[in-house]
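Spelled out from the first residue to the last, the chains are:
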Amino acid sequence: MKLFLINVVLTIIFLSNGPAVAKNFNTEYTVSSSGIKIGKFSWSLEIDNKNYKTEIFLKNSGIFSPLYKFEGNYTSQGVIENNNYKAEKYRQYWKTKKKVKVVEMLFDDYLKKLSQKPEEKELARVGLDELFQYFDPLTSFLNVLNGDDQVKTIDGRRIYTMKRVGL
């Protein structure tokens, strides 16, 4: 599944010839592995004045649905300042046959709050107060589409830099 998401992100980046400027955007994709349909992927973006909300939905479908059930919902909302998307709230919900995982984050210039259910057993290696101008994965992606070369990102478990890939 990670490989599919990476491919979707890279495809959208390659197809983007400039900043993301749509006011409302809705699209749906088929998720395939080795040519076999395993799910659906939909993405929406709403921009209202200086606020935005973006959502991704993933759901299993196709012949292997009874064997590999999954469902995911990722939502990010925030403000647009100086032509950059700035996260305020992020929520991730991921469900499989065996578990349900929920991650919620609140931001200002720093990551203010991070909650995970079930709680992570491993201790955090970085303090929240050290994460200045980090964004959730959806907001980071929007900022890369909007022209940023790289964006500091946190997904609830790890921190990394999301980078624009050259054509």
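The text that follows walks through the structure, step by step, so that each part is easy to find.

Quick look at a positive patch on the surface now. Taken together, the side chains of Lys59, Lys69, Lys95, Lys97 and Lys98 define a basic patch exposed on the protein surface. You can see lysine 97 is positioned in the loop between strand 5 (84–96) and strand 6 (100–107).

Turning our attention to the environment of phenylalanine 64. Following the sequence through the fold, phenylalanine 64 ends up in the loop between strand 3 (51–60) and strand 4 (70–81). Residue classification places phenylalanine 64 among the partly exposed residues on the basis of a relative accessible area of 38%.

As a further point, take the layout of surface pockets. Volume-wise, the second largest pocket comes out at about 560 Å³. Lining the second largest pocket are 17 residues, with Gln116, Ala124, Arg125, Gly156 and Arg157 sitting closest to its centre. The greatest single-element share of the lining of the second largest pocket, amounting to three residues, is contributed by strand 7 (residues 111–117).

Here we come to unusual backbone geometry. In this model, lysine 117 is joined to proline 118 through a cis peptide bond whose omega is -5°. The topology assignment puts proline 118 in the loop between strand 7 and helix 2 (137–145). Backbone geometry places serine 34, a non-glycine residue, at a positive phi of 55°. Along the chain, serine 34 falls in the loop between strand 1 (24–33) and strand 2 (36–48).

Conventions used here
Residues numbered from 1 in each chain as written. Predicted model: local features only at pLDDT ≥ 70, side-chain atom pairs only at ≥ 80, totals over all residues. Heavy atoms only, no water. Patch = residues over 30% accessible without salt bridge, like charges linked within 9 Å, V, L, I, M, F, W, Y side chains within 5 Å. Areas by Shrake-Rupley, 256 points an atom, 1.4 Å probe, with all protein chains shown as cover. Salt bridge = Lys/Arg side-chain N within 4 Å of Asp/Glu carboxyl O. Lys, Arg positive; Asp, Glu negative; His and termini not counted. Charge placed at Lys NZ, Arg CZ, Asp CG, Glu CD. Helix = DSSP H or I, 4+ residues; strand = E, 2+ residues; numbered from the N terminus. Buried < 20%, exposed > 50% of the residue type's maximum accessible area, 1.4 Å probe, protein only. 1 Å grid on protein atoms, 1.4 Å probe; cavity = no way out; pocket = protein on both sides within 12 Å on 5 of 7 lines; lining within 4 Å. Points joined across faces, edges and corners; volume = space filled by probe spheres on them.

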